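Residue-level structure breakdown
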Amino acid sequence: MGFADLLERVGGVGRFQALHAALLCLPVLLHASHNLLQNFAAAAPAHRCRAPANLSAAGAPPPPSPAPPLVPALLTAPLDADGLPARCQRFVRPQWQVLGANGSAPGGGGAQNGSAAELQACAEGWEYDTAETGATVVSEWDLVCDRRSLKQMAQTIYMAGVLVGAVIFGDLADRFGRRMLLTFSYLLMAVGGTCAAFAPTFPAFCVFRFLCGMALSGMSLNCFSLLLEWVPVHMRTVFGTGIGYFYTIGQLLLAGVAYLIRDWRWLTLAVSVPFYISFLYSWWVLESARWLVLKGKTDAAVRNLRLVARLNGHKDQGDRIDTEVLQAAMQKELSVSRKASSALDLLRTPGMRRITVCLSFAWFSTSFAYYGLSLDLPRFGVSLYLMQVIFGAVDVPAKLLATAAMSVLGRRATQSGALVLAGLTVLANLLVPSELQVLRTCLAVLGKGCLAASFMCCFLYAGELFPTVIRQSGIGWMSMVARVGSMVSPVVLLLGEFLPWLSGVVYGVAPIISGVIAAFLPETLGTALPDTIQDVEERMCGQKTKKEELMLKDSKDLQQTEDI
């Protein structure tokens, strides 16, 4: 009897699991709000150089009255290729000659004079049109023109916080418990988000967003562990997929909240305050019984199991569980936990090296391209809010198709195919003229859906490839690699400032290369989970593991018995 059998005895999937999953998954609705907050809180409104406070003080007579609305812009800024006032330059002296005798501006006058008149940077700052986006981080601290790279730096700093949080909180959770770190992460997100909403300076905003990134890692890692460790094995896929759909719904929720709340400070506050509530009720979330036993806290684990039994209506079964029964059920887990293993085992043998390297490419490229598309919504020329809804909604069919493909075609074909197809759609989008917005949007949505499917496959595939003795280390390493990809992704967007097509090429080529590399991974569909590194090496050599041989032998013995 194992721990999974004990879960079945105390109700399997019952009232406790439903309540437990609801408490853990509700905060996941706002995970996307912080990951993708950049799209709305740091949107770049239309802007141009601010005109001098007193144009007549510049040594020329005042313009005829009345003057048309665009006259101040024509007087102070040249026209760009689209016929609009330039965003980052203005005339040193107002160009009164662009005005006609009746005070109107002749067509093209600004552009013609701009070629000869002396230009300078925006000395008095910028004027912003915030009718569509509202006040943003960009308009608050003038993150435009020569300071535009700071906008992407803020998102990179946030993703760096996610990476640091994955390293720190993963280790602390193994030491002090999943629930304690989850509770602390809720509080850190609430406080960090509130402080970011009221940040007085841009550096302070970046610091608080870094803390929010750390908190998000703590929530994601411990929420997933606490949820799956309290459900039977045959229901883990259902509950694990459920978390992914809560994240998808959260993307749709973000579009609605951002549409209603246009000011970046109030928007940041709105997606942070609910975590105070999560912090308060998280004290009633049960700690993992598995972790308690492995840490020698068997009495506490017994109390938790009995509480689960009462909530599920199996009090009699719960009363029969004591410390001896629990330790006997987890004898295998206890013996495995005593064996020394380290992250170096991920690269020690040829089979493990191949798995680690190939999976690292897949996880990095998936996260890298996923956030490259998700954080570049303005490029498609469609409303930010509509694109956010479309990009969120596509995850639903994408994940359903990925689940079906993994069950029919296998994990390897699904992982490799999703990455290659995603890369091809990104590259194809570069060839579509900007006027064909519908086609460009469809290709972008298809690419994002393929990356969502790849993400889903990544988690399941890694869990089946890494052996039990180093499974947590392997998945932890993959999570770190993915965070590096999401951290680098905003920086690559800056390449588009020099060559508009360059960032798209990078986002397209990376998944294709990784998809080809993923084809060298072994297939795991219908195979037993490996327990040891030796099991992995035998499988990589085309041999059956000892566990698979025993399962095959038991199947043959059963068939012979039925024949008799």
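Residues numbered from 1 in each chain as written. Predicted model: local features only at pLDDT ≥ 70, side-chain atom pairs only at ≥ 80, totals over all residues. Heavy atoms only, no water.

What follows covers the nonpolar core. In terms of nonpolar packing, the biggest core is built from 84 residues, with V137, F202 and F205 touching the most fellow members. In terms of residue count, the dominant contributor to this core is helix α10 (residues 202-228) (13 residues). Leaving out residues up to four positions away in the same chain, F202 has contacts with V137, W141, L143, L150, M153 and A154. Counting residues in hydrophobic clusters, the runner-up holds 25 residues, among them W363, Y461, L465 and A482. (Core = buried A, V, L, I, M, F, W, Y, C linked by side-chain atoms within 4.5 Å. Buried < 20%, exposed > 50% of the residue type's maximum accessible area, 1.4 Å probe, protein only. Helix = DSSP H or I, 4+ residues; strand = E, 2+ residues; numbered from the N terminus. Contact = heavy atoms within 4.5 Å.)

Another aspect to go through is the packing of aromatic side chains. Overall, the coordinates contain 15 aromatic pairs when judged by the stated rule. Aromatic side chains W141 and F205 sit 6.0 Å apart centroid to centroid with 45 degrees between the ring planes, which places their arrangement in the tilted category. One end of the pair, W141, is in helix α7 (residues 137-141); the other, F205, is in helix α10, with 64 residues separating them in the sequence. As far as burial versus exposure is concerned, W141 and F205 are alike and both buried. (Phe/Tyr/Trp six-rings, centres within 6.5 Å; stacked < 30°, edge-to-face > 60°.)

Looking now at unusual backbone geometry. Positive phi, normally seen in glycine, also occurs at D142, with a value near 55 degrees. Take D142: it is sitting in the loop between α7 and α8 (149-176). Residue D142 is classed as partly exposed on the basis of its relative accessible area of 25%.

Two elements in contact, helix α22 (residues 395-408) and helix α24 (residues 437-465), have axes whose closest approach is 8 Å; the angle formed by their N-to-C orientations is 45 degrees. Taken together, the axes of α22 and α24 lie oblique to each other. The hand of the α22/α24 crossing is right-handed. Here α22 contributes D395, A398, K399, A402, T403 and M406 to the contact with α24, which in turn contributes K448, G449, A452, A453, M456, C457 and L460. Among the residues forming the contact of α22 with α24, the class breakdown is 8 nonpolar, 2 polar and 3 charged. (Axes fitted to C-alpha atoms, helices over the stretch in contact; angles between N-to-C directions. Parallel < 35°, antiparallel > 145°, perpendicular 65-115°, else oblique. Left-handed = near helix turned anticlockwise from the far one by under 90°. Nonpolar A, V, L, I, M, F, W, Y, C, P; charged D, E, K, R; others polar.)

Per-residue pLDDT for the chain has a mean of 78; in total, 79% of the residues score no lower than 70. Per-element averaging of pLDDT across the chain places helix α6 (residues 109-114) at the bottom with 43 and helix α13 (residues 274-281) at the top with 94. Taken as a whole, residues 101-115 scores under 50 in pLDDT and shows 25 contacts with residues more than four places along the chain or in a different chain. Confidence drops under pLDDT 50 across residues 554-562; counting only partners more than four residues distant or on other chains, this segment forms 0 contacts. (pLDDT = per-residue confidence, 0-100.)

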